[in-house]
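Residues per chain are reported as follows:
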Amino acid sequence: MSDRFKENFLFGSASAAYQVEGAYQEDGKGISIWDNWVKIDGKTFRGTNGEVAADHYHRFKEDVMLMKEMGLKAYRFSVSWTRILPDGKGGIEKKGLDFYEELIDELIRNDIEPVLTIYHWDLPQKLQDEYEGWESRQIIDDFAAYAKVLFEAFSGKVKYWIINNEPNIFTQLGYLMELHPPGKKDMATYLKTYHHTALAHAKVVKIFKEGGYSGFIGSSIAYTPGYSASDSEEDKEALRRYYETVNWWIMDIYYKGEYPKWGFKEFTRRGIAPEVTEEDMVLLKEAASLADFIGINYYQSATLANNPVDGVSLGEFNVTGEKGNFKESGVPGLYRQVYNPNLEYTDWDWAIDPDGLRHALVEITERYHKPILISENGIGAFDEIEDEKIHDDYRIEYIRSHIRACHDAIEEGVDLWGYCTWSFTDLLSWLNGYQKRYGFVFIDFEKNDLPRIKKDSFEFYKEVIRTRGQNCMNEENL
Ligand code: BG6
């Protein structure tokens, strides 16, 4: 392979409705679980919320202009369910559809491929109130009906569809770690809700294919490849258990249509395995073969060690950005995630590991034999503004090394369709507020007019796109 990515490679960038749009009560939008969660004391970093966010709802044209200036090939955004169906089901709000239609048209006019995420965590509060949202199988039909509204409205214009964003994260944080709404802490509920997300995904894949809509469909999983902390038999066994109960668990049910055997037995033994019917299996198998691609969000790797039955549990995250607060966490009797002295860490104690991305892409290809779209990758950092400039060389280095890892993976046989950074403009980080920044475009959230300022990484990524990644291949091109 040459040192350039192929011409149709999608060098993109991503966002999510709640994190950028703002306008949370405008144009008939209904209330989502996040609109309420942020109002509860102590749930988010210093009470930050997405009520205004980057005001993308009003300023999307300006943002798309910047994307155009950069030469961005793809923009991944999510639709806010409650803008379309304020009650989660039933009446459609036309103004909501109009907003996304305008955004999509604006992108297409500027040669930017829209990549539409159907669900990025902002569940309609009404569905939470009526039947506890993801805890009930009723969500599957409502989710499918919502997706169908989007297919009917935008198919033909949107080619790339991501059904579910990181279902493993929102169920883990929402049902096991009490960090996201609805704030529960129960392993069985986490496993049950995850199973329901897989069924919703599967049903939507089928509707898409049977409806003959054109384009490509999949879901995006947050994938954290693992290494064993040492060569000891115990640590190697912990790694295996991590794959059986985490990585293969979350991926297999979406992309193989079954759960890994050892993992399922183990959760059954613990009395927490989800209920899986024969009908579920048929649907899941079918959808697994029909899905066109696997969406992967990659930020970091995990290093695993033995965790005794009275060992550590899943703990808290560093949400302050005070580096050095990495805490071991895990599932007793299965695995424990430990600090890796061979890797650099971000201020939020996330391991920086470009080779982990290559490793992940290769192992996913070997197991599922499907094309991959990287739907998120990036570094959250404190960016300093000096004389209207932001010298975010750490972000340039992070992205450059991860693009290089993509190139290496392609050379190893991975069918990689694209790479979306997280994120285009700065935006709200759910639990970390506005101080954890990811964008190419700095937003001064202190100022009412939310000015947009291009960071150094903006010019860098522009050059990545122009040279089709060639500027990432040599150190001297930095
Ligand atoms: C992913 C999500 O988990 O990672 C995004 O899909 C999120 O919505 C991103 O913002 C970065 O995570 P964080 O916690 O640093 O904002």
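The structure contained in this document is the topic of the report that follows. (Residues numbered from 1 in each chain as written. Predicted model: local features only at pLDDT ≥ 70, side-chain atom pairs only at ≥ 80, totals over all residues. Heavy atoms only, no water.)

### Here we look at the packing of helix H13 (residues 354–368) against helix H14 (residues 393–411)
(1) Moving on: Two elements in contact, H13 and H14, have axes separated by 8 Å at closest approach and are oriented at 30°. One way to sum up the angle between H13 and H14 is to call them roughly parallel. As for how H13 packs across H14, the hand of that crossing is right-handed. Judged by residue contacts, Pro-354, Leu-357, Arg-358 and Leu-361 of H13 engage Ser-401, His-402, Ala-405, Cys-406, Asp-408 and Ala-409 from H14.
(2) Moving on: Split by residue class, the contact of H13 with H14 holds 6 nonpolar, 2 polar and 2 charged. (Axes fitted to C-alpha atoms, helices over the stretch in contact; angles between N-to-C directions. Helix = DSSP H or I, 4+ residues; strand = E, 2+ residues; numbered from the N terminus. Parallel < 35°, antiparallel > 145°, perpendicular 65-115°, else oblique. Left-handed = near helix turned anticlockwise from the far one by under 90°. Contact = heavy atoms within 4.5 Å. Nonpolar A, V, L, I, M, F, W, Y, C, P; charged D, E, K, R; others polar.)

### Digging into the site of the ligand
(1) Moving on: Taken together, 14 residues are adjacent to the ligand, and Gln-19, Glu-166, Ser-429, Lys-436 and Tyr-438 come closest.
(2) Moving on: Between the ligand and Gln-19, the relevant distance is 2.7 Å, taken from an oxygen atom to a side-chain nitrogen or oxygen of the residue.
(3) Moving on: In the model, an oxygen atom of the ligand is placed 2.8 Å from a nitrogen or oxygen of the Trp-430 side chain.
(4) Moving on: For the ligand, the protein covers 91% of the area, taking 370 Å² as the surface of the free molecule.
(5) Moving on: When the residues that make up the shell around the ligand are grouped by side-chain class, the tally is 6 nonpolar, 5 polar and 3 charged. (Near = heavy atom within 4 Å. Polar contact = N/O pair within 3.5 Å; in protein donor to acceptor, adjacent residues only side chain to side chain. Areas by Shrake-Rupley, 256 points an atom, 1.4 Å probe, with all protein chains shown as cover.)

### Looking at helix H7 (residues 138–154)
(1) Moving on: End to end, H7 covers 25 Å across 17 residues, agreeing with the expected 24 Å (1.5 Å per residue, within 8%).
(2) Moving on: Three or more residues of H7 are buried, namely Ile-139, Ile-140, Asp-142, Phe-143, Ala-144, Tyr-146, Ala-147, Val-149, Leu-150, Phe-151 and Phe-154.
(3) Moving on: Positive backbone phi, at 100°, marks Gly-156, one or two positions downstream of H7. (Expected span 1.5 Å × (residues − 1). Buried < 20%, exposed > 50% of the residue type's maximum accessible area, 1.4 Å probe, protein only.)

### Structural notes on the nonpolar core
(1) Moving on: Core analysis: the biggest nonpolar cluster contains 143 residues, and Leu-116, Ile-118, Leu-150, Trp-161, Met-251 and Tyr-461 have the highest contact counts within it.
(2) Moving on: For this core, the leading source of residues is helix H10 (residues 233–255), giving 12 residues.
(3) Moving on: When neighbours within four sequence positions are excluded, Leu-150 is seen to be in contact with Val-79, Ile-84, Leu-97, Leu-116, Ile-118, Ser-155 and Trp-161.
(4) Moving on: Judged by nonpolar contacts, the second largest core, of 8 residues, contains Leu-10, Val-115, Ile-162 and Trp-417. (Core = buried A, V, L, I, M, F, W, Y, C linked by side-chain atoms within 4.5 Å.)

### Focus on a negative patch on the surface
(1) Moving on: Together, Glu-384, Glu-386, Asp-387 and Glu-388 make up a region of like negative charge exposed at the surface.
(2) Moving on: Tracing the chain through its elements places Glu-386 in the loop between strand E13 (372–376) and H14. (Patch = residues over 30% accessible without salt bridge, like charges linked within 9 Å, V, L, I, M, F, W, Y side chains within 5 Å. Salt bridge = Lys/Arg side-chain N within 4 Å of Asp/Glu carboxyl O. Lys, Arg positive; Asp, Glu negative; His and termini not counted. Charge placed at Lys NZ, Arg CZ, Asp CG, Glu CD.)

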